[in-house]
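Architecture and fold: a report
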Amino acid sequence: MQGLSRKRELAVLYSSMVLTRIGFGVIIIIFPSYIIHTGDITSAAVMALYPVTEAIFALPAGRLCDVAGRRFVFLSCLALMTALVFALGLDRGVLYVAVVHGVMGIAAAGIAVSSLTMITDLTERRNRGAGMGGFDTTNIVGYAVGLLLGGRLENIFRQNLGYAFFVTSAALAAALVVSFFVIKETPHLSTRKLPINPLAALDSRTKAVLPIWLSITALIGIVFYLPRALALVGVEGSTTSFLLFAGVAGLGIGSIGFGALSDKVGRTRVLLIGIFGLLGLLLSLASIAPKGLESIIRYAYVIVPFGFATSALVPSVLAMVGDSASLEMRGTAMGLYSVMLSGGIAIGIVVAGVAHSLGGLQAILYAGAIVFTAACLLSYYLISRQKN
């Protein structure tokens with residue numbers, strides 16, 4: 001009965017996350033068109049405010065999860081996010097959008113950290129990879145639907161894009177209502193005496209993998225910037241949303257399978273599959289994408305396998321963090337993970353903006369490959385030092 005109850009709680013949590021990520025996906029597509037009269041660097045800076053504030057508040061949110069409980073943090077931050085997305089549709093001024101978008105990062109920190117902490121509480125080492133794969137899949141499904149919906153809403157509300165944010169806010173409100181009635185506090189070891197150093201929540205091997213995770217999240221930031229880069233070369237928002245939908249849907253298919261595989265053969269082996277896949281994906285896209293949409297379709301047999309292998313990254317890293325987190329510091333550990341997530345996204349957006357201003361779409365992809373390769377080499381060095 002306990003196992004059935006946990007599965008039911010996970011299913012409800014996943015469903016709430018899908019609705020939340022749909023809202024985020026819509027914002028990714030509409031945002032480049034919504035901010036008016038801005039250049040590459042300004043647009044990148046405004047977009048980066050969200051992950052910057054998310055990074056700043058992720059650790060406090062994690063500690064609050066350990067002290068006050070996961071459910072309180074999740075519901076409070078989801079309510080705040082709902083209100084802020086609605087507010088975003090009221091004004092298109094750069095300063096106004098920047099402030100609202102920055103505060104949204106605070107809410108995002110609480111939502112992400114509390115969700116991951118609850119999933120860690122509801123799983124064990126033997127099935128945590130599959131659980132984290134499920135989390136990654138629900139996030140990706142939500143993003144994918146949001147990206148597709150964002151392109152549609154951009155066309156429908158082209159004369160007044162603010163209405164698209166009102167619709168998105170309604171979806172988040174639905175997630176809030178569902179979560180309030182069905183999500184319960186997960187059992188956990190609560191304490192008010194926590195070490196000051198958040199790295200104390202992780203073992204040394206997991207710490208050594210953090211550079212790889214930072215680079216992965218930087219690449220997410222680069223993806224967030226792609227709609228603007230593609231729009232400037234004449235690709236419509238609806239086409240961009242479909243391309244991103246296809247990409248993230250493919251990642252979602254592989255996440256649960258690779259997460260379950262990490263439960264059987266180990267996190268590190270599955271992580272290596274993902275590293276190989278992502279590097280191959282970046283280099284192949286850098287060579288093919290600038291030649292146009294027809295070339296991408298023609299060489300899909302090269303791109304798709306690399307993209308599928310990339311889906312091994314997130315569930316293996318998430319399970320690794322969950323496995324190494326001490327019982328009383330699970331929220332803090334996931335807060336540290338979220339710092340890497342949001343900080344990396346901010347870095348990626350800025351890198352993409354600078355690279356695009358220097359060399360266009362191809363420069364963005366090559367910059368991502370360089371950042372990822374450097375991080376892998378740093379993590380390899382840190383792991384090798386532990387063996388010596």
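Residues numbered from 1 in each chain as written. Predicted model: local features only at pLDDT ≥ 70, side-chain atom pairs only at ≥ 80, totals over all residues. Heavy atoms only, no water.

Helix and strand counts for the protein stand at 13 helices and zero strands. Ordered by position from the N terminus, the helices and strands of the protein form the series α-α-α-α-α-α-α-α-α-α-α-α-α. By residue count, 55% of the 388 residues in the protein fall in the buried class. For the protein, the proportion of contacts with a sequence separation of at least 24, taken over those separated by at least 6, is 88%. Surface summary for the protein: the accessible area is close to 16,200 Å², and the carbon and sulfur share equals 70%. (Helix = DSSP H or I, 4+ residues; strand = E, 2+ residues; numbered from the N terminus. Buried < 20%, exposed > 50% of the residue type's maximum accessible area, 1.4 Å probe, protein only. Contact = heavy atoms within 4.5 Å. Areas by Shrake-Rupley, 256 points an atom, 1.4 Å probe, with all protein chains shown as cover.)

Next up on the list: the pattern of salt bridges. Pairing is possible between side chains of opposite charge, provided their charged atoms come close. Taken as a whole and assessed by the stated rule, the structure comprises four salt bridges. One salt-bridge network, in which partners are shared between bridges, spans Asp 66, Arg 70 and Asp 121. (Salt bridge = Lys/Arg side-chain N within 4 Å of Asp/Glu carboxyl O.)

We now examine helix 11 (residues 300-310). Every buried residue of helix 11 is listed here: Ile 303, Gly 307, Ala 309 and Thr 310. Seen end-on, helix 11 carries its buried residues on one side only, within an arc spanning 160°. Turned more than 90 degrees off the buried face of helix 11, the exposed positions are Tyr 301 and Val 304. (Arc of directions from axis to C-beta.)

What follows concerns the nonpolar core. With 96 residues, the main nonpolar core has Phe 74, Met 81, Met 104 and Phe 372 as its most contacted residues. Per-element tally for this core: the top contributor is helix 13 (residues 330-387), with 18 residues. Once residues within four sequence positions are removed from consideration, Met 104 is found in contact with Ile 27, Tyr 50, Met 81, Leu 84, Val 85 and Leu 88. (Core = buried A, V, L, I, M, F, W, Y, C linked by side-chain atoms within 4.5 Å.)

Right, let's get into the environment of Gln 386. Locating Gln 386 in the fold gives a position in helix 13. Its relative accessible area of 36% is what places Gln 386 among the partly exposed residues. When the C-alpha positions of Gln 386 and Ser 204 are compared, they lie 8.1 Å apart, and in sequence the two are 182 residues distant. What Gln 386 contacts, discounting residues up to four positions off in sequence, is Ser 204, Arg 205 and Ala 208.

Once that is clear, we can look at the packing of aromatic side chains. One pass over the structure, following the stated rule, counts six aromatic pairs. In textbook terms, an aromatic cluster arises when at least three aromatic residues are bridged by ring pairs, as seen for Phe 86, Phe 157, Tyr 163 and Phe 166. Seen from the ring of Phe 180, Arg 71 lies directly overhead, with NZ or CZ sitting 5.4 Å from the centre. (Phe/Tyr/Trp six-rings, centres within 6.5 Å; stacked < 30°, edge-to-face > 60°. Lys NZ or Arg CZ within 6 Å of the ring centre and 35° of its normal.)

Let us look at the packing of helix 5 (residues 128-156) against helix 12 (residues 313-324). Where helix 5 meets helix 12, the axes come as close as 8 Å, and the angle between the chain directions of the two elements is 130°. In terms of axis orientation, helix 5 runs oblique to helix 12. Handedness of the helix 5/helix 12 crossing: right-handed. Seen from helix 5, the contacting residues are Arg 128, Gly 129, Met 132, Gly 133, Phe 135 and Asp 136; seen from helix 12, they are Val 314, Pro 315, Leu 318, Ala 319, Gly 322 and Asp 323. Residue composition of the contact of helix 5 with helix 12, grouped by class: six nonpolar, three polar and three charged. (Axes fitted to C-alpha atoms, helices over the stretch in contact; angles between N-to-C directions. Parallel < 35°, antiparallel > 145°, perpendicular 65-115°, else oblique. Left-handed = near helix turned anticlockwise from the far one by under 90°. Nonpolar A, V, L, I, M, F, W, Y, C, P; charged D, E, K, R; others polar.)

Quick look at a nonpolar patch on the surface now. A cluster of nonpolar side chains, Val 177, Val 178, Phe 180, Phe 181 and Val 182, forms an exposed patch at the surface whose accessible area comes to about 490 Å². Considering the arrangement of structural elements, one finds Val 178 in helix 6 (residues 162-182). (Patch = residues over 30% accessible without salt bridge, like charges linked within 9 Å, V, L, I, M, F, W, Y side chains within 5 Å.)

Our focus in this paragraph is the side chain of Thr 310. Relative to the helices and strands, Thr 310 is located in helix 11. On the basis of relative accessibility, which here comes to 11%, the residue Thr 310 falls in the buried class. For Thr 310, the residues in contact, after removing those within four places along its chain, are Leu 251, Gly 274, Gly 277, Leu 278 and Leu 281.

Bringing the confidence of the model for the protein into the picture now. On average, the protein scores 79 in pLDDT, and the residues at 70 or more come to 87%. Least confident of the elements in the protein is helix 1 (residues 2-34), whose mean pLDDT is 72; most confident is helix 3 (residues 70-88), at 91. (pLDDT = per-residue confidence, 0-100.)

A separate point is the packing of helix 3 against helix 6. The contact between helix 3 and helix 6 brings their axes to 8 Å, and the two run at 165°. The angle between helix 3 and helix 6 falls in the class roughly antiparallel. Classified by chirality, the crossing of helix 6 by helix 3 is left-handed. Contact residues: helix 3 offers Arg 71, Phe 74, Leu 75, Leu 78, Ala 79, Met 81, Thr 82, Val 85, Phe 86 and Leu 88, while helix 6 offers Phe 165, Phe 166, Thr 168, Ser 169, Leu 172, Ala 173, Ala 175, Leu 176, Ser 179 and Phe 180.

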